[in-house]
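The primary structure of each chain is shown beneath.
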Amino acid sequence: MSEAVQTSSSFTPRVFSGIQPSGGLTLGNYLGAMKRFVDTQETGVQSIYCMVDLHAITVWQDPENLRRATRELCAGYIASGLDPKKSILFNQSQVPEHTQLAWIFNCVARMGWMQRMTQWKDKAGKNSQNASLGLFAYPALMAADILVYHATHVPVGEDQKQHVELTRDIAAKFNHDYGVDFFPMAEPVIEGAATRVMSLRDGTKKMSKSDPSDASRINLTDDADTIAKKIRKAKTDPEALPSEAKGLEDRAEARNLVNIYAALSEQSVDAVLADVGGKQFSEFKPMLAELAVEKLAPISTEMSRLMQEPAEIDKILADGAERARAIAAPILKETYRIVGMVG
């Protein structure tokens with residue numbers, strides 16, 4: 001990641017990413033996003049991490065739950081290792097430049113571009129006429145989230161890659177329409193052994209907080225005993241673990257647990273299998289449970305402490321929003337000038 005950030009753009013390297021505060025942070029959020037954010041923070045590149053509460057309300061949210069989930073997400077960021085002094089942490093709605101730039105991008109983007117978005121098709125389904133306009137325009141706001149900071153790199157999961165590609169299309173069209181080289185071509189950053197963590201009950205489905213079975217996921221609020229119990233009960237197959245990654249083909253549950261172990265231990269899948277190849281899951285699961293508890297239990301404990309101090313979280317968010325606006329406001333002002341707006 002650090003090498004790519006240093007060499008891929010003529011713009012000052014800057015990282016932006018965000019997570020929706022819709023509650024129920026899981027191991028998937030940690031390995032697919034938060035851990036990667038912490039790794040990036042340590043490279044010294046300016047990093048901006050957002051709780052995208054405006055995106056959350058593209059479907060109805062209970063106001064109290066949204067407030068709690070926003071604080072919980074901030075607590076999760078910090079407990080995972082993000083330092084509010086090294087990175088900028090804030091919730092999206094406190095920086096109005098996001099929505100101001102999003103309107104301009106609504107006027108740059110094309111209906112056909114939005115209609116091709118896979119997530120729009122999946123979420124709206126056959127009931128698209130009853131979906132919110134916000135859900136349809138979601139990618140233009142995401143483009144504004146990224147480009148209002150001139151971010152050059154965006155750590156995302158595979159399911160958001162198409163939206164970052166659309167961000168590049170919007171930036172290219174804006175630059176072309178106005179004869180400028182103002183917005184960068186942000187690059188999606190998708191890497192790691194477990195950027196897509198699967199269900200503990202079905203290795204073909206993504207780990208999700210919306211799954212009816214709590215046993216399908218590890219929540220970041222789970223205590224040590226619960227984490228260990230869920231891993232011991234995770235679905236597997238009767239075969240021994242292979243000695244190389246090719247042997248995990250067509251073994252979704254085995255691949256998922258090995259990927260999780262690799263990501264938590266910061267090893268490659270091949271390195272893990274070189275060590276555990278030939279072992280049965282009765283031997284491997286206790287190893288994974290011990291590792292998961294070692295890595296995740298301190299996060300759960302710190303999240304719990306922070307959630308008892310909402311004023312501390314709110315202060316961190318307010319400070320982050322002020323620092324974010326210091327970057328975003330001049331970029332928006334210059335965008336307005338380019339477009340021809342007076343003021």
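Quick look at the structure, then. Small disclaimer: the values here were computed from a predicted structure and weren't measured. (Residues numbered from 1 in each chain as written. Predicted model: local features only at pLDDT ≥ 70, side-chain atom pairs only at ≥ 80, totals over all residues. Heavy atoms only, no water.)

### Here we look at the pairing of strand E2 (residues 46-51)
And step 1. Buried residues dominate E2, accounting for five of its six residues.
And step 2. Where the polypeptide runs from strand E1 (residues 14-19) across helix H2 (residues 27-41) and back to E2, its parallel neighbour, the crossover connection is right-handed. (Buried < 20%, exposed > 50% of the residue type's maximum accessible area, 1.4 Å probe, protein only. Helix = DSSP H or I, 4+ residues; strand = E, 2+ residues; numbered from the N terminus. Right-handed = clockwise from strand over helix to strand, strands pointing away.)

### Details of the packing of aromatic side chains
And step 1. Tallied over the entire structure, the rule returns 11 aromatic pairs.
And step 2. Ring centres of Phe 16 and Tyr 149 lie 5.7 Å apart, and the angle between their planes is 15°; this geometry places the pair in the stacked category. Here the residue Phe 16 occupies a position in strand E1, and Tyr 149 occupies one in the loop between helix H8 (133-147) and strand E4 (153-155), the gap between them amounting to 133 residues.
And step 3. Given a relative accessible area of 0%, Tyr 149 falls into the buried group. (Phe/Tyr/Trp six-rings, centres within 6.5 Å; stacked < 30°, edge-to-face > 60°.)

### Describing the side chain of Arg 217
And step 1. Among the structural elements, Arg 217 can be located in the loop between strand E5 (187-189) and helix H10 (224-232).
And step 2. Polar side-chain contacts of Arg 217 include one of 3.2 Å to the backbone oxygen of Ser 213.
And step 3. Filtering out sequence-adjacent residues up to four positions away, Arg 217 remains in contact with Thr 26, Leu 200, Met 207, Ser 208, Lys 209, Asp 211, Asp 222 and Lys 230. (Polar contact = N/O pair within 3.5 Å; in protein donor to acceptor, adjacent residues only side chain to side chain. Contact = heavy atoms within 4.5 Å.)

### Considering the environment of Val 272
And step 1. Examined against the element boundaries, Val 272 turns out to sit in helix H12 (residues 269-276).
And step 2. Since its relative accessible area comes to 1%, Val 272 is described here as buried.
And step 3. Between the alpha carbons of Val 272 and Ala 262 there is a distance of 6.3 Å; along the sequence they are 10 residues apart.
And step 4. If we skip the residues at most four places from it in the chain, Val 272 touches Val 258, Tyr 261, Ala 262, Ser 265 and Gln 267.

### Looking at the side chain of His 163
And step 1. Counting through the fold element by element, His 163 comes out in helix H9 (residues 161-178).
And step 2. For His 163, a relative accessible area of 2% puts it in the buried group.
And step 3. Ignoring anything within four residues of it in the chain, the contact list for His 163 reads Met 117, Gln 119, Tyr 138, Pro 139 and Met 142.

### So, the nonpolar core
And step 1. Ranked by size, the top nonpolar core spans 57 residues in total, and within it Leu 27, Tyr 30, Tyr 77, Ile 260, Leu 264, Phe 284 and Leu 296 carry the most contacts.
And step 2. Element by element, the count of residues in this core is highest for helix H13 (residues 281-307), at 10 residues.
And step 3. Residues contacting Phe 284, with those up to four places away along its chain left out, are Leu 241, Leu 257, Val 258, Tyr 261 and Val 276.
And step 4. If you look at the next biggest cluster of nonpolar residues, it comprises 48 residues, including Phe 105, Tyr 149, Ala 171 and Phe 182. (Core = buried A, V, L, I, M, F, W, Y, C linked by side-chain atoms within 4.5 Å.)

### Some remarks on the environment of Ile 170
And step 1. One can find Ile 170 in helix H9.
And step 2. Taking the C-alpha atoms as reference points, Ile 170 and Met 185, 15 residues apart in sequence, are found 9.4 Å from one another.

### What to know about the pairing of E1
And step 1. The element E1 is largely enclosed, with a buried count of five among its six residues.
And step 2. Bridging between E1 and E2 involves six bridges; their strand directions are parallel. Within E2, the residue paired with Val 15 across the bridge is Ser 47. (Pairing = 2+ DSSP bridges.)

### What to know about the pattern of salt bridges
Where charged atoms of side chains with opposite charge meet at close range, the side chains can pair.
And step 1. Tallied over the entire structure, the rule returns 18 salt bridges.
And step 2. Between Glu 72 and Arg 68 there is a salt bridge whose closest N-O contact spans 3.4 Å. Here Glu 72 and its partner Arg 68 are both found in helix H4 (residues 63-80), four residues apart, which amounts to about one turn of the helix.
And step 3. Accessibility expressed as a relative area gives 36% for Arg 68, which makes it partly exposed.
And step 4. For Glu 334, the salt bridge identified is with Arg 337, shortest N-O distance 2.8 Å. Of this pair, Glu 334 and Arg 337 are both found in helix H14 (residues 310-339), three residues apart, which corresponds to roughly one turn of the helix.
And step 5. Look at the salt bridges and you will find they share partners, linking Asp 214, Arg 217, Asp 222 and Lys 230 into a network. (Salt bridge = Lys/Arg side-chain N within 4 Å of Asp/Glu carboxyl O.)

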